[in-house]
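Observations on the model geometry
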Amino acid sequence: MSPEPLAPPAVAALLQSAAAMIHAELSALPGPVLAFHPAQGEWCAKEVLGHLIESEKRGFSGRIRTILKSEESPPLEGWDQDAVARARKDCRRDWPALHHEFVQLRAVSVAQVAALSPADLARGGHHPKVGFLSVRDLLHEWVHHDRNHIRQMLANVQAFAWPHMGNGQRFSLPTPS
């Protein structure tokens, strides 16, 4: 038996907690760690935050707004996430300004989600890649997406710390059988 879907107030609370986790972690990081790329082509923590900003506008809150404005099931646009990340140049941006942009958007999104009615949850639109997406689908993807990228930010910090651990690396290596 699968659990019941999350209600909008629970999603709103999870969106707020994700923002708090992001603030707690990233505000503690020195500049070199915020701009650290764990490998060629991978995003630094500031670029991950930029992606969350664009996902908020284009993917989650934006799509919900599009769906709720339409009488029918509207088409939902895709977007080239890597091209948008390159154009944003978030790795070069100042962390407080980037965080402020995120916090402003997230506050609006939390209010939007908290105000959703049960009837709104079944409404949806058609995405060219994945097909029909309901508002309920988007809410659950949003919770998942936030945590996936928080995990990515945490992994970046681990990758930065790894070469400086000395013999402490042995605590994290698999033990031979």
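Small disclaimer: the values here were computed from a predicted structure and weren't measured.

**Remarks on the overall build of the protein**
- Looking only at helices and strands, the protein has 7 helices and 2 strands in total.
- Along the protein, helices (α) and strands (β) appear in the sequence α-α-α-α-α-α-β-β-α when read from the amino end.
- For the protein, the C-alpha atoms occupy an extent of roughly 60 × 40 × 30 Å along the three principal directions.
- Counting the 177 residues in the protein, one finds 40% classified as buried.
- Restricting the contact set of the protein to residue pairs at least 6 apart, pairs at least 24 apart contribute 73%.
- On the protein, roughly 10,200 Å² of surface is accessible, and the fraction owed to carbon and sulfur atoms is 58%.
- Both charge centroids of the protein, one from 18 positive and one from 18 negative side chains, sit 4 Å from each other.

**Topic: the pattern of salt bridges**
- Overall, the coordinates contain 10 salt bridges when judged by the stated rule.
- In this structure, Glu-54 and Arg-58 form a salt bridge, with 2.6 Å as the shortest nitrogen-oxygen distance. With Glu-54 and Arg-58 both in helix α3 (residues 45-69) and 4 residues apart, this pair spans about one turn of that helix.
- Judged by its relative accessible area of 6%, Glu-54 is buried.
- Residue Arg-58 is classed as partly exposed on the basis of its relative accessible area of 38%.
- One salt bridge connects Glu-101 with Arg-93, and the closest N-O pair in it is separated by 2.9 Å.
- Shared partners join several salt bridges into a network, and the residues in it are Glu-54, Lys-57, Arg-58, Arg-88, Asp-90, Arg-93 and Glu-101.

**Quick word on the environment of Leu-105**
- Assignment of secondary structure puts Leu-105 in helix α5 (residues 95-114).
- Given a relative accessible area of 24%, Leu-105 falls into the partly exposed group.
- Spatially, the C-alpha atoms of Leu-105 and Ile-53 are 7.3 Å apart, while their sequence positions differ by 52 residues.
- Setting aside chain neighbours within four positions, we find Leu-105 in contact with Ile-53, Glu-56 and Lys-57.

Cut-offs used in this document
Residues numbered from 1 in each chain as written. Predicted model: local features only at pLDDT ≥ 70, side-chain atom pairs only at ≥ 80, totals over all residues. Heavy atoms only, no water. Helix = DSSP H or I, 4+ residues; strand = E, 2+ residues; numbered from the N terminus. Buried < 20%, exposed > 50% of the residue type's maximum accessible area, 1.4 Å probe, protein only. Contact = heavy atoms within 4.5 Å. Areas by Shrake-Rupley, 256 points an atom, 1.4 Å probe, with all protein chains shown as cover. Lys, Arg positive; Asp, Glu negative; His and termini not counted. Charge placed at Lys NZ, Arg CZ, Asp CG, Glu CD. Salt bridge = Lys/Arg side-chain N within 4 Å of Asp/Glu carboxyl O.

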